[in-house]
Amino acid sequence: GAPGHVVIVSNGSSGSARATAIADLSTAIVNNAPTTTLQNKILLSGNATLNGNQFGGATIGVISGSVVNGTTVSGSAGTTINANPNNIEVVSSIPVVSPDGFKNYASIQLLYNNGNPEMIIPEAAAKLYSSSGVNPGSYLLSEYSGYTTSTTNPFIALGISYTASGGTNNKGIWTLSNNIPGFIYSDGDVNINFTGTDYISVAADGTVTTAPTNGNGSTKNDLYPFAQYTPTSNSNVCSVFQPVCQQDQPIEDLLGISLVSNTGVNLIHGSTIEGDIGSNGTIAYNGGGSITINGAIVASGLAVGKGSSVNVQGATKGSGLSSPDNQATFSGGKPTIVIKSIYWK
């Protein structure tokens, strides 16, 4: 076919009848399908089990007083939802969640290549990490095992460590201990283990866990999407990292991306997620205490542990978040093969 197109000819027969189908295939950037407004919604491909106080003050989730299967939801702990409450939208197929579609936007790639953990920092991220003394390049973890200071070990300088054992897809667990701004992509699991405010987006083929501790059992961090990062009062993220921008403006689909995962997201108490969370697995929150999610949620399930409290605000935060925060796509604009035309003869 024409450049960039593939033509497939299929011959079929039934008895004496013959038919030929000719299809013209091409690639296209396909955003999340089906077209669904994420604002003020939780989108689920299955059922949600809400065992905590999901109801108090939340504008997304179950409204206290809703009737599900003839049972009135009171908002008390231990309630299981197996149907379609008024403002939880259960759909037959969820928007596409594809973490590897964000690889080209990453300021740090954390990879597992044939048994070798590797960190890749692209040239475009030179300004982001120069203050940490880390230059763009490819860094194999094994080559820095004997270097114990931040001046000689880029992993220590950036607060990034790796555990070989565990991980949901057998590619280990990367832990982020410094609150440096960045767009992180990993083909394994990622733990966010710092306190304080940070502009960070994480897309992982494994599981993403927010687990900051401050030494006394309590936790607290406030995570804004990286594309909202403003290095100075009069500059935006484009001044330090162009891949997330077009014509010196942040790409709108990235303005709301906080956490994207293939296998699931574990939220630990004390965290505030300012942007959107998308996962092909379950978003789980356990451990008591409370957590706030100010963006949209797309997942195959939402499980809230007993004694836990989730405040899911969606688009109601107001001026603190721009509207794209609740309209993010979770595929990273990944090219998809589509049928341009098909006919029979």
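Thresholds applied
- Residues numbered from 1 in each chain as written.
- Predicted model: local features only at pLDDT ≥ 70, side-chain atom pairs only at ≥ 80, totals over all residues.
- Heavy atoms only, no water.
- Core = buried A, V, L, I, M, F, W, Y, C linked by side-chain atoms within 4.5 Å.
- Buried < 20%, exposed > 50% of the residue type's maximum accessible area, 1.4 Å probe, protein only.
- Helix = DSSP H or I, 4+ residues; strand = E, 2+ residues; numbered from the N terminus.
- Contact = heavy atoms within 4.5 Å.
- Salt bridge = Lys/Arg side-chain N within 4 Å of Asp/Glu carboxyl O.
- Disulfide = S-S within 2.5 Å.
- pLDDT = per-residue confidence, 0-100.
- Phe/Tyr/Trp six-rings, centres within 6.5 Å; stacked < 30°, edge-to-face > 60°.
- Polar contact = N/O pair within 3.5 Å; in protein donor to acceptor, adjacent residues only side chain to side chain.

## Topic: the nonpolar core
And step 1. With 62 residues, the main nonpolar core has Ile108, Leu176 and Leu267 as its most contacted residues.
And step 2. It is strand β15 (residues 196–204) that provides the largest number of residues to this core, a total of 4 residues.
And step 3. Beyond its immediate sequence surroundings of up to four residues, Ile108 is in contact with Met119, Ile120, Ile121, Tyr129, Leu158, Ile160, Ile180, Phe183, Ile184 and Tyr185.

## Focus on the environment of Glu118
And step 1. Within the fold, Glu118 resides in strand β9 (residues 116–121).
And step 2. Between the C-alpha atom of Glu118 and that of Ser142, which follows or precedes it by 24 residues, the distance is 8.6 Å.

## Observations regarding unusual backbone geometry
And step 1. A positive phi angle, near 50°, is found at Gln247, a position not held by glycine.
And step 2. Turning to its location among the elements, Gln247 is positioned in the loop between β18 (245–246) and β19 (249–250).

## Let's talk about the pattern of salt bridges
And step 1. On inspection of all chains with the given rule, the structure shows 1 salt bridge.
And step 2. A salt bridge links Lys171 to Asp187; the shortest N-O distance between them is 3.9 Å. In this pair, Lys171 sits in the loop between β11 (160–163) and β12 (173–176) while Asp187 sits in the loop between β13 (182–186) and β14 (189–192), placing the two residues 16 residues apart along the sequence.

## Section: the state of the cysteines
And step 1. Applying the stated criterion across every chain yields a total of 1 disulfide.
And step 2. Shown here is the disulfide that connects Cys238 with Cys245, its sulfur atoms set 2.1 Å apart. Given an S-S torsion of about -100°, the disulfide between Cys238 and Cys245 has left-handed geometry.
And step 3. In this structure Cys245 comes out as buried when scored by relative accessible area, which is 9%.

## What about the confidence of the model for the protein?
And step 1. When pLDDT is averaged along the protein, the result is 75; 65% of the residues meet or exceed 70.
And step 2. Here residues 67–94 is a poorly scored stretch, pLDDT under 50, and it has 67 contacts once near neighbours within four places are set aside; other chains count.
And step 3. Note on residues 315–324: pLDDT is under 50 here. Beyond four places in sequence and across chains, it has 16 contacts.

## Re the packing of aromatic side chains
And step 1. One pass over the full model with this rule turns up 12 aromatic pairs.
And step 2. Ring centres 5.9 Å apart and planes at 25° place the aromatic pair Phe102 and Phe183 in the stacked group. Highlighted residues: Phe102 in the loop between β7 (89–90) and β8 (108–113) and Phe183 in strand β13, separated in sequence by 81 residues. Taken as a pair, Phe102 and Phe183 share a single burial class, namely buried.
And step 3. Note on Phe226 and Phe241: the rings are 5.9 Å apart at their centroids and 65° apart in plane angle, and the pair reads as edge-to-face. One end of the pair, Phe226, is in the loop between β17 (221–224) and β18; the other, Phe241, is in the loop between β17 and β18, and 15 residues separate them in sequence.
And step 4. Ring pairs connect the aromatic residues Tyr139, Tyr144, Tyr147, Phe155, Tyr162 and Trp174, which therefore count as one cluster.

## Looking at the environment of Asp100
And step 1. For Asp100, the position within the fold is in the loop between β7 and β8.
And step 2. As for Asp100 and Gly332, which are separated by 232 residues in sequence, their C-alpha atoms are 7.8 Å apart.
And step 3. Among the polar contacts made by the side chain of Asp100, one reaches the side chain of Ser98 at a distance of 2.7 Å.

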